[in-house]
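# Fold and contact review
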Amino acid sequence: MKIIWLGHSSFRIEIEDQVLLIDPWLRDNPTFPNDSRAQALTGATAILMTHGHSDHVADVPEIAAETGAPVVGVYELVEWMEQTPGVSGIGFGKGGTIRLNDVEVTLLNAQHSSSVLVDGSRRYVGGEAGFMISGEGHTIYVSGDTDVMADMAMFNDLHQPDIGILACGGYFTMDMRRAVYASKKFFDFKTVIPCHYKTFPMLEQSAEVLINGLPDVDVVEPEVMQPLEF
């Protein structure tokens, strides 16, 4: 299994026979090299969306039409995406689980917001979400943009994730200190991968607090387009 950071909160996860793109924001992502676009998208089988904000899904309609990969996420967001010609999707609700061949994907609660801009006005497109992704003997918790939630205890009880991909750059999401609290209080991760940091000046620029706060966890600061293998 490979987890490849595409910068910000965007990932490529190669698991079982699936290539999952998580919130693939590439075009205006200051941390993503434009000449790596084809490599990032090759073989994509599904596009998982945590919520509707532009730094997560602005490129999704184009990528979905280009690759033929279905968009996956909260029903209303998928429904909105399907208005673009060439885009098909799998919309479902929080607590629901779908199978992508041998990979299970469960949609989870998050604490944030979810909207898109339509003719200069905000349109809300369902709720914000996270994912549990299971395959190859691993379960990955993708937090999406969220603060710490008591729900996380239930997530761990039900899914026992060994890998946490946590949006923890602060300002728009929980920060590193709060991610340490969540990891200790609610989870038993073996590996934690921070994201949604370093992209903009208002976000945290280092995961040092996370690393120092979780001495018994393998906290990996990802490098863009460098695979992490499990």
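Everything discussed here concerns the structure shown above.
Keep in mind it's a predicted model, so treat the numbers as computed, not measured. (Residues numbered from 1 in each chain as written. Predicted model: local features only at pLDDT ≥ 70, side-chain atom pairs only at ≥ 80, totals over all residues. Heavy atoms only, no water.)

Turning next to the overall build of the protein. Secondary structure summary: the protein contains seven helices and 16 strands in total. For a compact globule of 230 residues, the expected C-alpha radius of gyration is about 17 Å, and the protein comes in at 16 Å, within 12% of that figure. Each of the three principal axes of the protein carries a C-alpha extent, and together these read 50 × 40 × 35 Å. Within the span of the protein, comprising 230 residues, buried residues form 56% of the whole. Long-range contacts, defined here as pairs at least 24 residues apart, represent 60% of the contacts in the protein between residues at least 6 apart. Looking at the protein as shown, the accessible area adds up to about 9700 Å², and 47% of this sits on carbon and sulfur atoms. Charge separation in the protein, taken as the distance between the mean sites of 14 positive and 32 negative side-chain charges, equals 3 Å. (Helix = DSSP H or I, 4+ residues; strand = E, 2+ residues; numbered from the N terminus. Rg over C-alpha atoms; globule rule 2.2 N^0.38 Å. Buried < 20%, exposed > 50% of the residue type's maximum accessible area, 1.4 Å probe, protein only. Contact = heavy atoms within 4.5 Å. Areas by Shrake-Rupley, 256 points an atom, 1.4 Å probe, with all protein chains shown as cover. Lys, Arg positive; Asp, Glu negative; His and termini not counted. Charge placed at Lys NZ, Arg CZ, Asp CG, Glu CD.)

For the structure on display, the rule yields seven aromatic pairs. Here the aromatic rings of Trp25 and Phe200 are separated by 6.2 Å at their centres, their planes lie at 45°, and the arrangement is tilted. Separated by 175 residues along the polypeptide, Trp25 in the loop between β3 (18-22) and α1 (37-41) and Phe200 in the loop between β14 (191-195) and α7 (208-213) bring together distant segments of the chain. Overall, Trp25 belongs to the buried group, its relative accessible area being 7%. With centroids separated by 4.8 Å and ring planes inclined at 75°, the aromatic side chains of Tyr171 and Phe172 adopt a geometry described as edge-to-face. Among the aromatic residues, ring-to-ring pairing joins Tyr141, Phe155, Phe187 and Phe189 into one connected group. (Phe/Tyr/Trp six-rings, centres within 6.5 Å; stacked < 30°, edge-to-face > 60°.)

Reading across the sheet, the seven strands line up as β6-β5-β4-β3-β2-β1-β16 and stay open at both edges, with mixed pairing between neighbours. The sheet terminates laterally at β6 (89-92) and β16 (228-229), the two strands that pair on one side only. Pairing analysis gives four bridges linking strand β1 (residues 2-5) to strand β2 (residues 11-15), with the strands arranged antiparallel. Note on β2: the bridge partner recorded for Ile4 is Arg12. Packed onto the sheet, helix α3 (residues 60-67) meets β3, β4 (46-48) and β5 (71-74) and runs at close to 165° relative to β4. (Pairing = 2+ DSSP bridges. Axes fitted to C-alpha atoms, helices over the stretch in contact; angles between N-to-C directions.)

Space inside the largest pocket adds up to approximately 190 Å³. Considering every element that reaches the lining of the largest pocket, the biggest residue donor is strand β9 (residues 115-118), with three residues. Its residues assigned to classes, the lining of the largest pocket comprises seven nonpolar, three polar and one charged. (1 Å grid on protein atoms, 1.4 Å probe; cavity = no way out; pocket = protein on both sides within 12 Å on 5 of 7 lines; lining within 4 Å. Points joined across faces, edges and corners; volume = space filled by probe spheres on them. Nonpolar A, V, L, I, M, F, W, Y, C, P; charged D, E, K, R; others polar.)

It is worth spelling out the sheet that holds strand β7 (residues 97-100) at this point. Across the sheet, which stays open at both edges, the seven strands sit in the order β7-β8-β11-β12-β13-β14-β15 with mixed pairing between neighbours. Each having just a single partner strand, β7 and β15 (218-219) make up the two edges of the open sheet. Of the pairings in the sheet, the one linking β7 to strand β8 (residues 103-109) comprises four bridges and is antiparallel in character. Bridged to Thr97 within β8 is Thr106. Those strands touched by helix α5 (residues 151-159) are β8, β11 (129-135) and β12 (138-142), and its axis lies near 160° from that of β8.

Read these as layout, nothing more, since geometry by itself doesn't imply function.
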